[in-house]
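Observations on chain architecture
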Amino acid sequence: MAAMELDDVRAAAARLRPHLLPTPALESDWLSEAYGAPVTVLWESLQRTGSFKLRGALNKLLLLAERGASRDLAVSAGNHGLGVAWAARLLGFEATVVVPAGAAANKVAAIRRLGAAIEVLGRSYDEAEAAARALAASRPGVEFVSPYNDLDVVAGQATATLDLLAAARCDVLLVPAGGGGLLAGAVLAAQAARPVPAVYGVQPENAPALHEALPDRRRPLRQPRGGHGDAPLTSRRIPRARRRAVRARRGPRQWSRSISSIAPAWTASSFRKCQG
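Reading guide: rules and limits
- Residues numbered from 1 in each chain as written.
- Predicted model: local features only at pLDDT ≥ 70, side-chain atom pairs only at ≥ 80, totals over all residues.
- Heavy atoms only, no water.
- Helix = DSSP H or I, 4+ residues; strand = E, 2+ residues; numbered from the N terminus.
- Buried < 20%, exposed > 50% of the residue type's maximum accessible area, 1.4 Å probe, protein only.
- Contact = heavy atoms within 4.5 Å.
- Areas by Shrake-Rupley, 256 points an atom, 1.4 Å probe, with all protein chains shown as cover.
- Pairing = 2+ DSSP bridges.
- Right-handed = clockwise from strand over helix to strand, strands pointing away.
- Core = buried A, V, L, I, M, F, W, Y, C linked by side-chain atoms within 4.5 Å.
- Salt bridge = Lys/Arg side-chain N within 4 Å of Asp/Glu carboxyl O.
- Patch = residues over 30% accessible without salt bridge, like charges linked within 9 Å, V, L, I, M, F, W, Y side chains within 5 Å.
- Expected span 1.5 Å × (residues − 1).

Side note on the overall build of the protein chain
Secondary structure summary: the protein chain contains 12 helices and nine strands in total. Every one of the 276 residues in the protein chain was classed for burial, and the buried ones make up 52%. Contacts in the protein chain between residues far apart in sequence, at least 24 positions, make up 65% of those at least 6 positions apart. With the model as given, the accessible surface of the protein chain reaches about 12600 Å², and the carbon-plus-sulfur share is 51%.

Some words on the pairing of strand β5 (residues 117–120)
Examined bridge by bridge, strand β4 (residues 94–99) and β5 share four bridges and lie parallel to one another. Its bridge partner being in β5, Val-99 is matched across the sheet by Val-120. Tracing the backbone out of β4, into helix α5 (residues 105–113) and back to the parallel element β5 gives a crossover that is right-handed.

Comments concerning unusual backbone geometry
In this structure, Pro-195 follows Arg-194 across a cis peptide bond, with omega equal to 0 degrees. At Thr-49, a residue that is not glycine, the phi angle is positive and equals roughly 70 degrees. When you line up the elements, Thr-49 lands in the loop between β2 (40–42) and α3 (53–66). Judged by relative accessible area, Thr-49 falls into the partly exposed class, the value being 22%.

As for the nonpolar core
Core analysis: the biggest nonpolar cluster contains 29 residues, and Leu-58, Leu-61, Ile-111 and Val-145 have the highest contact counts within it. For this core, the secondary structure elements donating two or more residues are α3, α4 (79–91), β4 and α5. Residues Leu-164, Val-175, Ala-177 and Leu-182 belong to the second largest nonpolar core, which totals 16 residues.

Here we look at the pattern of salt bridges
Using the criterion set out here, one finds 10 salt bridges in the structure. Note that Arg-139 and Glu-119 form a salt bridge whose closest N and O atoms lie 3.7 Å from each other. Highlighted residues: Arg-139 in the loop between α6 (125–137) and β6 (143–145) and Glu-119 in strand β5, separated in sequence by 20 residues. Note on Glu-119: relative accessible area 29%, which makes it partly exposed. The salt bridge partner of Arg-169 is Asp-171, with a shortest N-O separation of 3.9 Å. The partly exposed category is assigned to Arg-169, whose relative accessible area is 45%. Asp-171 sits in the partly exposed class, given a relative accessible area of 26%.

Some thoughts on a nonpolar patch on the surface
On the surface, Leu-26, Trp-43 and Leu-46 cluster together into a nonpolar patch covering about 300 Å² of accessible area. Tracing the backbone through its elements, the reader meets Leu-46 in the loop between β2 and α3.

Points about α3
At 3.6 residues per turn, the α-helix brings residues three or four places apart onto the same side. Taking 1.5 Å of rise per residue, the 14 residues of α3 would be expected to cover 20 Å, and the 21 Å separating its terminal C-alpha atoms lies within 8% of that figure. Taken across its 14 residues, α3 has 12 buried, putting it largely inside the fold. Along α3, the residues classified as buried are Lys-53, Leu-54, Arg-55, Gly-56, Ala-57, Leu-58, Asn-59, Lys-60, Leu-61, Leu-62, Leu-63 and Leu-64. Tucked into the core, α3 has its buried residues touching α1 (6–16), β3 (71–75), α4, β6 and α7 (151–167). Looking one or two residues past α3, Gly-68 carries a phi angle of roughly 90 degrees, positive in sign.

See the structure below:
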């Protein structure tokens with residue numbers, strides 16, 4: 001797999017700019033007051049489809065369209081599927097989204113409204129992804145669009161960090177760590193800032209799958225049910241795209257230390273480093 005560079009992220013930003021909403025980066029009064037420093041939040045909940053996931057999905061489909069593709073298949077617990085469905089409608093793709101049983105009904109309905117076909121396969125996210133990959137392989141001309149293990153998707157997610165850094169200077173970036181695409185992109189996009197901010201991946205204390213998996217390559221950890229966190233996660237499941245993007249910039253030891261669970265004392269000390 002080829003390495004990803006900061007120029008790939010900048011190219012993705014230019015590619016996406018005509019299609020995305022300019023989401024605001026605003027200082028949060030209550031977070032700033034709680035942690036004693038200016039805290040800026042990028043409101044990706046106001047993006048089309050309601051999350052940053054559209055960035056990666058659309059970047060991938062725009063590149064596939066340049067290569068002449070017109071059919072894609074994705075697996076999602078919700079937000080990635082919405083991004084793929086929206087991008088497919090924009091570009092005239094024939095899209096199928098595989099979801100696990102128990103996926104949020106409102107998001108499944110929204111994916112259908114955007115015109116994508118829905119396949120419910122597997123009881124967990126891992127089972128759904130395995131089924132989706134097999135289904136894509138069985139359909140000639142269909143491209144599988146991973147929600148996180150794809151450099152084009154990671155480059156698209158990274159544009160959110162570029163937008164945040166263009167709006168605010170901060171010594172510390174706190175990035176949600178779920179599938180890992182956003183976090184890997186943030187590590188790379190942070191290199192555009194001077195000085196380069198520290199990047200921390202954060203997870204809730206009651207669902208710290210990535211945090212717990214990295215130090216021990218053998219032990220799986222199951223997150224609470226209700227999303228793609230249902231799947232057991234070990235370091236072997238950390239995608240190649242994510243590992244390589246991070247190792248290229250921070251090194252594997254720095255990567256493992258950068259995954260932290262959110263705790264009040266930890267976030268308070270980190271937020272105090274922010275310059276706003």
